Amino acid sequence: MAIRKRLSALGRDVKGLTVRTRGVEPSDGGTSSSVETARVSVIVPVYNAMPYLTELLNSLEAQDLDTSLFEVIAVDDGSTDFSGEILDVYAARNANFRVIHQENSGWPGKPRNVGIAASKAPYVFFCDADDRLGPQALRRMVDYAFENNVDVLVPKLVGIGGRRVQASLFERTVKDVDLREILRSLSPQKMVRRELLVKNGITFHEDKVRLEDGMVMSQCYLLSQRTSILADYDYYFIRTREDGANISSTPTVPEGYTWSVGEIARILTEGDKDAGRARLFVLDLYRRKCLRVYEPQRFLKFTSEIQQRWMAAHADFVDRYIPDDLETELVTPFKQKTQFIRNRDVAGMLEYCKLESSLQPTARATGMELRASGLAMEVSLEHGNVDTVDLLVRSREGGIERSFRMQRADNEASLFHIELPYSQLDDFPSAIVDFYTEASSKGMTGKLQRVTVGEQLDLPAQKDHRRPYATIHGSLSLDLRR
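Residues numbered from 1 in each chain as written. Predicted model: local features only at pLDDT ≥ 70, side-chain atom pairs only at ≥ 80, totals over all residues. Heavy atoms only, no water.

> Quick question: what am I supposed to make of the overall build of the chain here?
Along the chain, the regular secondary structure elements total 16 helices and 23 strands. Overall, the chain is about 80 × 50 × 50 Å in size when its C-alpha atoms are taken along their principal axes. A burial count over the chain gives 52% of its 482 residues as buried. Across the chain, every contact between residues at least 6 apart in sequence was considered, and the portion connecting residues at least 24 apart equals 77%. Surface summary for the chain: the accessible area is close to 22100 Å², and the carbon and sulfur share equals 46%. The averaged location of the 69 negative side-chain charges in the chain is 1 Å from the averaged location of its 64 positive side-chain charges. (Helix = DSSP H or I, 4+ residues; strand = E, 2+ residues; numbered from the N terminus. Buried < 20%, exposed > 50% of the residue type's maximum accessible area, 1.4 Å probe, protein only. Contact = heavy atoms within 4.5 Å. Areas by Shrake-Rupley, 256 points an atom, 1.4 Å probe, with all protein chains shown as cover. Lys, Arg positive; Asp, Glu negative; His and termini not counted. Charge placed at Lys NZ, Arg CZ, Asp CG, Glu CD.)

Following this line, the structure appears as structure tokens:
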């Protein structure tokens, strides 16, 4: 229904257009009026992007940056709907728009490379045809980049159509963002100094290679002298298409996808002079791009053949990039799943995935007392089926954590208790500590769960220098500062 509404609204945007499908004839509308003066070229690969394309083009027309200071280079990659004709209409009424029609390459890489080659601007901004920009986006980005001599600018993304974004990445503007932090974002919607790409020969893979944008962005981050996050405005609205035609929504081939992850790992390993730091980059990449396959709701839906193919591909990656000493940096359940992968133990992984939800019970503190010798706690574990539970006490400042085995209450399957000696707590140096539970069953351990304060629990008053309290999110903490 929503798509039909967009199609009916299309007539208002492109009056007088006779809509027809056609075989694409390679052509180039010629340079834009802003080719020599543009500070940024917006590069848009286009393939069968209707009805979303007009929303993007309208947002580009609505930019409050002077048209002499930006150009749009749209590369029609052999569209078989009427995306090509729509582009021609917008180019006819916007002198700073340029359209290049080419035979279908089957992937965004070649259109992006064509756009880079056609640009003369100091910066290029990679934009997808089914997204849109806020009206002040280009002006704000250009001004910030020039004022601060930025090589790679990462604008705030906002998800639409159910698209999820890493909101925590865009909480504030950061002039010099930490490399490990920004490597969380490998999508192409960035503004990049064109010279950085051209001088270093950085291009997109033109074959059907997954994560080709991540390969480019990881190279750019490694070479960038200044990478900035700009979070003071809703710059870019990134969409999940209702027709499911996002490339990220297409079926994934385990071997091909894992090869791409390996290429990014190779780029990070070879491109960072700090070998120890590069290992952590690769570990983060593995955690985000490989281990997510083993989320129970995902892995258990695969056929037996696909499960085995994922495990085999990832085992090769682990053998190459995740040595045993690096694996120790992983937390549960990632460490346990990595052991299954390393051993190519599909049966073990399946058993763990079936148990995983029961190994992550909700932990609520239902009783607490500051006794003469220690802190007594009672914790209720809801929605789980566990054999043993450990209480983890962790310094919020990092550096110290201790684990204590809890005891099950008599005749209460979900109720556990413990007394923590002050001698084990007071050597946390002037710290605030947080509490987590770690549940195990059948020899398998689940993910740490933050202990929250039960609704009926009145926390005891401060005794000596020890003050229990609930955080703003209702989690249990203990202030040990003297």
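There is more to say, and it comes next.
> In this structure, what is going on with the environment of Ser475? I would like to understand it.
Position of Ser475 among the secondary structure elements: in the loop between strand E22 (467-470) and strand E23 (476-479). Separated by 271 residues in the primary sequence, Ser475 and Phe204 place their C-alpha atoms 45 Å from one another. Excluding anything up to four places from it in sequence, Ser475 contacts Arg450, Val451, Thr452, Val453, Tyr469 and Ala470.

> Help me understand the sheet that holds strand E4 (residues 97-102) in this model?
What holds strands together in a sheet is hydrogen bonding between their backbones, with the strands either parallel or antiparallel. If you walk across this open sheet you meet the eight strands as E1-E4-E3-E2-E5-E9-E7-E10, and the pairing is mixed. Because the sheet does not close on itself, it has two edges, and the strands there are strand E1 (27-28) and strand E10 (227-230). Note: strand E5 (residues 123-126) against strand E9 (residues 191-193), three bridges, orientation antiparallel. Within E9, the position partnered with Phe125 by the bridge is Met191. Contacts from helix H8 (residues 212-223) reach strand E7 (152-155), E9 and E10 within the one sheet, and its direction differs from that of E7 by about 120 degrees. (Pairing = 2+ DSSP bridges. Axes fitted to C-alpha atoms, helices over the stretch in contact; angles between N-to-C directions.)

> Even after reading the chapter, I still don't get the pattern of salt bridges, so can you show me in this structure?
Any two side chains of opposite charge can pair, on the condition that their charged atoms come close. Counted under the stated rule, the structure contains 38 salt bridges. Arg239 is paired through a salt bridge with Glu55; the nearest N and O atoms lie 2.8 Å apart. In this pair, Arg239 sits in strand E11 (residues 236-239) while Glu55 sits in helix H2 (residues 53-61), placing the two residues 184 residues apart along the sequence. The class for Glu55 is partly exposed, based on a relative accessible area of 25%. Of the charged contacts, one joins Asp434 and Arg450 as a salt bridge, the two residues approaching to 3.0 Å between their closest N and O atoms. Here Asp434 is found in strand E18 (residues 432-441), whereas its partner Arg450 is found in strand E20 (residues 449-450), with 16 residues between them in sequence. On the accessibility criterion, Asp434 (7% relative accessible area) is buried. A residue is classified by how much of its surface remains accessible, and Arg450, at 23% relative accessible area, is partly exposed. Sharing partners across several salt bridges, the network here consists of Glu55, Arg132 and Arg239. (Salt bridge = Lys/Arg side-chain N within 4 Å of Asp/Glu carboxyl O.)

> Help me understand the sheet that holds strand E21 (residues 452-453) in this model?
Spatial strand order, E16-E17-E13-E12-E21: five strands in an open sheet with mixed pairing. Two strands in the sheet have a free side with no partner beyond their single neighbour: strand E16 (407-408) and E21. Of the strand pairs in this sheet, E16 and strand E17 (residues 415-421) are connected by two bridges, and their pairing is antiparallel. The residue bridging Gln407 from the neighbouring strand is His417, located in E17.

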